[in-house]
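# Coordinate inspection notes
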Amino acid sequence: MTCDYIKLANGGVQRLQPYSPGKPIEELERELGIRDIIKLASNENPLGPSHKALEAAKRALEQVHLYPDGAGFGLKTALAEKLGVNSNQITLGNGSNDILELVARAYLQPGEETVYAEYAFAIYPLVTVACSAKPVMVPAHLYGHDLAAMADAINQNTRIVFLANPNNPTGTWFNDVALDRFLERVPEDVLVVLDEAYFEYVEEAHYPDGLRRLARYPNLIVTRTFSKIHGLAGLRVGYAVSHPDVADILNRVRQPFNVNIPALAAAEAALDDTDHLENSRCENTAGLGQLVEGLNQLGLEHIPSVANFITVDCAGEALPVYEALLREGVIVRPLGGYGLPNHLRVTVGTARENERFLKALGKVIKAGAR
């Protein structure tokens, strides 16, 4: 082969490394021949989707020989009513990851910049570099966003700021006062993407609702997902709410059938299942408490979290602990790729799964895995 197909790609894509997701259960089964595996690596809802959503998806399967409604009319109408916004403010995505890429594709040009926080979601710099733009990382404060420093980092080349509240993978959050102070400092020609993938899990009194700020800040884009508390990660459906003009631009670059028929149906049904949402939130609150208590008993520090995961300090290199847990049939997420080589991110599971993880963690630490 004489042609270098890597060099044919645009310069930004050449510099990328593929995003590394949590290890699938099937992969661990193939590698180690282990059964009865629990996966606490990808922040999925251990209760799964609601019965209403499952039934809606099953009924929708009868129509999969047809293309989906490219405009997503039914889901957008339901979201608009539920959220108190207009449907022309909504952009649907193949998960909220899709929305992040749409924003970058629509608004970034080579040489422009995005601002994001240290230890924030890996997709932010990925979509930036893919557009041959420059990601500017601002050092974290106590593992979370330093909003004042992020505002200071904005310059004439900045086009987008990515915020995650709560943040993945640390579980940290910022309050309503801090967000408002930040937004007041952002020029109106700089877009602020507020990633609220874990919004529904948070129970803190002063946690801000980004949607309530859209009227004041037309440069704000709020993204949410059905992958987390709604338990629809495998169907891939998320959305953004923004100023109608921003939504119009995003919908110009959005693929017309980016959300499939079962996903549209399941998401619309999930919106109505408030019991499932509340049960999931309660299960998560109890599970977080169980994990914190167990980690304290093991003498391990953690980053306080308000999401459906917790980040554990292994007091040494975390990769050997991760690998030892795999041999116990427990999948968690190592965070070396996030600049946290001593940390593991652990999804809140059921009470039984949490207990199994804690026992396995205690076993591998006692055996000297760290």
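Residues numbered from 1 in each chain as written. Predicted model: local features only at pLDDT ≥ 70, side-chain atom pairs only at ≥ 80, totals over all residues. Heavy atoms only, no water.

On the basis of which strands lie adjacent, the open sheet formed by 4 strands has the order E9-E10-E13-E12 and antiparallel pairing. Of all the strands in the sheet, the pair left with one neighbour each is strand E9 (301-303) and strand E12 (333-335). For this sheet, the mean angle separating the axes of adjacent strands, direction not counted, is 35°. As defined by bridge partners, E12 adjoins strand E13 (residues 340-347) across 3 bridges and the pair is classed as antiparallel. Residue pairing across strands places Leu-335 opposite Leu-340, the latter belonging to E13. (Pairing = 2+ DSSP bridges. Helix = DSSP H or I, 4+ residues; strand = E, 2+ residues; numbered from the N terminus. Axes fitted to C-alpha atoms, helices over the stretch in contact; angles between N-to-C directions.)

On to the pattern of salt bridges. For the structure shown, the criterion picks out 13 salt bridges. Arg-216 is the salt-bridge partner of Glu-184, the closest N and O atoms lying 3.3 Å from each other. Taken together, the positions of Glu-184 in helix H9 (residues 176-185) and Arg-216 in the loop between strand E6 (191-195) and strand E7 (220-225) put the pair 32 residues apart, joining distant regions of the chain. Lys-363 is the salt-bridge partner of Glu-328, the closest N and O atoms lying 3.2 Å from each other. Note that Glu-328 is positioned in the loop between helix H13 (319-327) and strand E11 (330-331) and Lys-363 in helix H14 (residues 351-366), a separation of 35 residues in sequence. Its relative accessible area of 27% is what places Glu-328 among the partly exposed residues. Residue Lys-363 is classed as partly exposed on the basis of its relative accessible area of 48%. (Salt bridge = Lys/Arg side-chain N within 4 Å of Asp/Glu carboxyl O. Buried < 20%, exposed > 50% of the residue type's maximum accessible area, 1.4 Å probe, protein only.)

With that out of the way, let us pick up the UniProt feature "modified residue: N6-(pyridoxal phosphate)lysine" (unreviewed entry) in the chain. UniProt tags Lys-228 as "modified residue: N6-(pyridoxal phosphate)lysine" (unreviewed entry). In this fold, Lys-228 is placed in the loop between E7 and strand E8 (238-241). Residues within four places of Lys-228 in sequence aside, it is in contact with Ser-42, Asn-43, Asn-45, Ala-197, Tyr-198 and Tyr-201. A polar contact is formed between the side chain of Lys-228 and the backbone oxygen of Ser-42, at a distance of 3.4 Å. (UniProt positions renumbered as here; feature names shortened; annotations may be inferred. Contact = heavy atoms within 4.5 Å. Polar contact = N/O pair within 3.5 Å; in protein donor to acceptor, adjacent residues only side chain to side chain.)

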